[in-house]
Amino acid sequence: MSASDERESDLMQKIVSLCKRRGFVFQSSEIYGGLRSSYDYGPMGVELKRNLMNEWWTAMVHSREDVVGLDASIMMHSDVWRSSGHLASFSDPLVDCKVCGERFRADKAPRLTMGSDAPITLADKGRAKAAQQHAQDKLGVALERDGKTLLGATAGDRGYVCPNCGSTFLSDERQFQLMFRTTLGPVDPIGDVVKVVREAVEAGLDEAAIRERVDAVTAESAVYLRPETAQAMFVQFPNILQSTAMKVPFGVAQMGKSFRNEVTIEHFIFRSCEFEQMEMEYFVQPGQGPTWLDFWKRERLRWWQAIGLRSDNLRLREHGADELAHYSDGCFDVEYKFPWGWDELEGIASRTDYDLRAHGQGSGKKLGYFDPEATDPETGKKGWRYLPHVIEPAAGATRGLLAVLCDAYDEEPGDADGKGARTVLRLHPRLAPIKVGILPLVKRDGMPELAREIATEFFRQGVNAKYDEQHAIGRRYARHDEIGTPYCLTVDAQTLEDRTVTLRHRDDRRQERVKLDAAVEAVRQRLRS
């Protein structure tokens, strides 16, 4: 591992440790050993995620006249996914490495030119020695060993290698279904499955025929957890149009949970099986897609900058022709420079009229739009009925939360004796879980009572404050720095004399005295800026 890789790994370890220590993210079901790829958001994490999603909703819905919201069911009719193409194509090519056992997606694996050297690197010398013996005994391949690296393999015609060890000795590709399937209804279909399998085996049917019969008996009650929030906005297009009288161009926004049975889960909460999305489908006239794609790619990049992500950690990347989905004629990713490198934070895609057309055909319903003022390009007359094209900005809320944590995390060195060193989350004040800490200097002389009165006033005005009297004042400041609290108000002896309090700023530790009666408004004013 290079020095750069070690620094990146160290940063992620520190962020994961901070998340647990300060109540941002916990491993799900931890007391039972945890559940792979499942996380719970603790007292600080739930506030940070809620604040991030509220900022998105404010920017995308409450600040625009041309966007309305939707909160759709997680489970939808199976024909939705059949029409959208998810049931037929929402799967990934899955491969097993015959050297290290890693299971991975072939389309995401590192690429090598055919015939080039393919060194295989294991975790340590012992594992490399065992892998060398395994290659000799099971694969019939003689490899040389140099420490923890095996030499002598070359890249084959597949063009990719194992992302874990670099091996070219791989299993055949298999399709892996990414959607979670369950059943809807009071009758458990397992009994019917057992019956069908028993009859098929007795009839001497092959595996493909047995599977076909099992699929038939489970199809009636099968439903899927949605792999994206987008499809409901297309399915509900006519109802939204009828109930709101919106005019093209307009958008429908939705936030919520989605589920994907990911082959590869990685980088903490970046890629997991259960995640939250913030998506908007913006319906436009045919031919106007490129204009609105350009608008929304710039607007979405600007928003991530506005909530505090540094510009040098953000970039727009245009998809190449070989990356585009079959229905898309253009796509950009807002990418963030995570500790492991650049990766997708949000996609802005032109989906053309694919979704409305597919659901119109699948349901037999008309999902078009009629504009009485527009001129029909075919007839030259006023009144144009068409299928709108769609621009889709689709952001990951959980990925966004991780990006915010990575961007805000900072360590300040102390003096020569180490004094003054601290860890601080420089969160945008509007994202911070707690906006202001209320701290009595000591737990006597009426300071706690006065501090609680201040906290109560903040609560009354809708500002999330935290009364905190545990430990010395320096430790309390450090605790609030680690959770990103932008301001702290300290009630001390001077407060009892002149009715002023100390207002401490998180980022530079600057302190100023403000009038007690003006303290709430002083903080509120800074939160609005």
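Criteria and thresholds
Residues numbered from 1 in each chain as written. Predicted model: local features only at pLDDT ≥ 70, side-chain atom pairs only at ≥ 80, totals over all residues. Heavy atoms only, no water. Pairing = 2+ DSSP bridges. Helix = DSSP H or I, 4+ residues; strand = E, 2+ residues; numbered from the N terminus. Phe/Tyr/Trp six-rings, centres within 6.5 Å; stacked < 30°, edge-to-face > 60°. Buried < 20%, exposed > 50% of the residue type's maximum accessible area, 1.4 Å probe, protein only. Lys NZ or Arg CZ within 6 Å of the ring centre and 35° of its normal. Contact = heavy atoms within 4.5 Å. Core = buried A, V, L, I, M, F, W, Y, C linked by side-chain atoms within 4.5 Å. Salt bridge = Lys/Arg side-chain N within 4 Å of Asp/Glu carboxyl O. Axes fitted to C-alpha atoms, helices over the stretch in contact; angles between N-to-C directions. Parallel < 35°, antiparallel > 145°, perpendicular 65-115°, else oblique. Nonpolar A, V, L, I, M, F, W, Y, C, P; charged D, E, K, R; others polar. Disulfide = S-S within 2.5 Å. Left-handed = near helix turned anticlockwise from the far one by under 90°. Expected span 1.5 Å × (residues − 1).

Student: Mind showing me how you'd approach the sheet that holds strand S8 (residues 144–146) here?
Tutor: Strands in a sheet are paired, the pairing made by backbone hydrogen bonds, and the direction either parallel or antiparallel. Overall, antiparallel pairing links the three strands, which are arranged S7-S9-S8 in an open sheet. Each edge of the open sheet is held by one strand with a lone partner, namely strand S7 (120–121) and S8. Relative to strand S9 (residues 149–151), S8 runs antiparallel, the two sharing three bridges. Bridge pairing in S9 links aspartate 146 to threonine 149.

Student: Would you mind going over the packing of aromatic side chains with me for this structure?
Tutor: Aromatic rings considered in pairs are described by the distance between their centres and by the relative angle of their planes. If you walk through the whole model with that rule in mind, you get 19 aromatic pairs. Ring centres of tryptophan 384 and tyrosine 386 lie 4.5 Å apart, and the angle between their planes is 50°; on these two criteria the pair is classed as tilted. We classify tyrosine 386 as buried; its relative accessible area is 6%. Counting every residue linked through ring pairs, the aromatic cluster contains Phe234, Phe237, Phe250 and Phe283. The ring of phenylalanine 270 has arginine 399 lying over it, and the distance from NZ or CZ to the ring centre is 3.9 Å.

Student: So what exactly am I meant to see when it comes to the side chain of histidine 428 here?
Tutor: Secondary-structure assignment places histidine 428 in the loop between strand S22 (422–425) and strand S23 (436–440). The class for histidine 428 is buried, based on a relative accessible area of 17%. Look past the residues within four positions of histidine 428 in its chain and what remains in contact with it is Ala306, Ile307 and Gly308.

Student: Just to check I follow, could you spell out the nonpolar core for this structure?
Tutor: The nonpolar side chains of a soluble globular protein tend to be buried with one another. Ranked by size, the top nonpolar core spans 54 residues in total, and within it Phe24 and Trp304 carry the most contacts. Core analysis: the second largest hydrophobic core is formed by 27 residues, Ile240, Leu241, Val252 and Tyr369 among them.

Student: What should I look at first to understand the pattern of salt bridges in this one?
Tutor: Note on pairing: side chains with opposite charge can pair once their charged atoms come close. Summed over all chains, the structure comprises 43 salt bridges. The salt bridge involving glutamate 482 is made with arginine 21; its shortest N-O contact spans 3.1 Å. Taken together, the positions of glutamate 482 in helix H14 (residues 473–483) and arginine 21 in helix H1 (residues 3–21) put the pair 461 residues apart, joining distant regions of the chain. Its salt-bridge partner being aspartate 481, residue arginine 422 comes within 2.9 Å of it at the nearest N-O pair.

Student: I tried to follow the pairing of S22 on my own but got confused; where do I start?
Tutor: Consecutive side chains of a regular strand alternate in pointing toward one face of the sheet and then the other. Residue alternation in S22 divides its side chains into two sets, Arg422 and Val424 and Thr423 and Leu425, and both sets are buried. Here four bridges tie strand S21 (residues 409–412) to S22, and the two strands are oriented antiparallel to one another. By the bridge assignment for S22, aspartate 410 is matched with valine 424.

Student: Whenever I open this one, the packing of helix H2 (residues 43–62) against helix H12 (residues 397–408) confuses me. Can you help?
Tutor: In helix packing, the relevant descriptors are the interaxial angle and the interaxial distance, both defined with respect to the helix axes. Where H2 contacts H12, the two axes come as close as 10 Å, and the packing angle between them is 110°. As far as their axial angle goes, H12 and H2 are roughly perpendicular. In this structure, H2 contributes Gly45, Leu48, Lys49, Leu52 and Met53 to the contact, and H12 contributes Ala397, Thr398, Gly400, Leu401, Val404 and Leu405. Along the lines of polarity and charge, the residues of the contact of H2 with H12 split into seven nonpolar, three polar and one charged.

Student: Hey, could you run me through unusual backbone geometry in this one?
Tutor: Excluding glycine, residues mostly have negative phi values, and the peptide bonds linking residues are mostly trans. Here the amide bond leading from valine 248 into proline 249 is cis, since omega sits at 5°, within 30 degrees of zero. Along the chain, proline 249 falls in the loop between helix H9 (237–244) and strand S13 (250–259). Unlike most non-glycine residues, phenylalanine 268 shows phi in positive territory, near 65°. Tracing the sequence through the fold places phenylalanine 268 in the loop between S13 and strand S14 (274–284). In this model, threonine 352 sits at a positive phi of 50°, which is unusual for a non-glycine residue. Tracing the backbone shows threonine 352 in strand S17 (residues 341–352). By relative accessible area, threonine 352 is classed as buried at 15%.

Student: Quick question: what am I supposed to make of the state of the cysteines here?
Tutor: The bond known as a disulfide is covalent and runs between the sulfur atoms of two cysteines. Applying the stated rule across the entire model yields zero disulfides. With no disulfide of its own, cysteine 100 lies 3.7 Å from the sulfur of cysteine 162, the closest cysteine sulfur. Under the relative-accessibility criterion, cysteine 100 is labelled partly exposed at 28%. Of the cysteine sulfurs around cysteine 273, a residue in no disulfide, the closest is that of cysteine 19, at 19 Å. On the basis of relative accessibility, which here comes to 15%, the residue cysteine 273 falls in the buried class.

Student: Would you mind showing me how to read the sheet that holds S14 here?
Tutor: Spatial strand order, S3-S13-S14-S20-S17-S16-S15: seven strands in an open sheet with mixed pairing. Of all the strands in the sheet, the pair left with one neighbour each is strand S3 (67–69) and strand S15 (314–318). Recorded for the sheet is a direction-independent mean angle of 25° between the axes of neighbouring strands. Summarising the sheet, S13 and S14 pair through 10 bridges and their orientation is antiparallel. Across the sheet, residue phenylalanine 259 finds its bridge partner in S14, namely glutamate 274. H2 rests against S3, S13, S14 and strand S20 (389–396) of the sheet, and its axis sits at about 160° to S13.

Student: Hey, could you run me through the packing of helix H6 (residues 190–202) against helix H7 (residues 207–219) in this one?
Tutor: Interaxial distance between H6 and H7 falls to 9 Å at its minimum, and their mutual angle equals 155°. With respect to H7, the axis of H6 lies roughly antiparallel. The two elements H6 and H7 meet at a crossing, and its hand is right-handed. Along the contact surface, H6 presents Asp192, Val193, Val196, Val197, Ala200 and Val201, while H7 presents Ile210, Arg213, Val214, Val217 and Thr218. By residue class, the composition of the contact of H6 with H7 is eight nonpolar, one polar and two charged.

Student: What exactly am I supposed to notice about H2 here?
Tutor: Quick reminder: α-helices carry 3.6 residues per turn. Residues three or four places apart thus point the same way. For H2, built from 20 residues, the straight-helix expectation of 28 Å at 1.5 Å per residue is met to within 8% by its first-to-last C-alpha distance of 26 Å. Met44, Gly45, Leu48, Lys49, Asn51, Leu52, Met53, Glu55, Trp56, Trp57, Met60 and Val61 are the residues of H2 that are buried.

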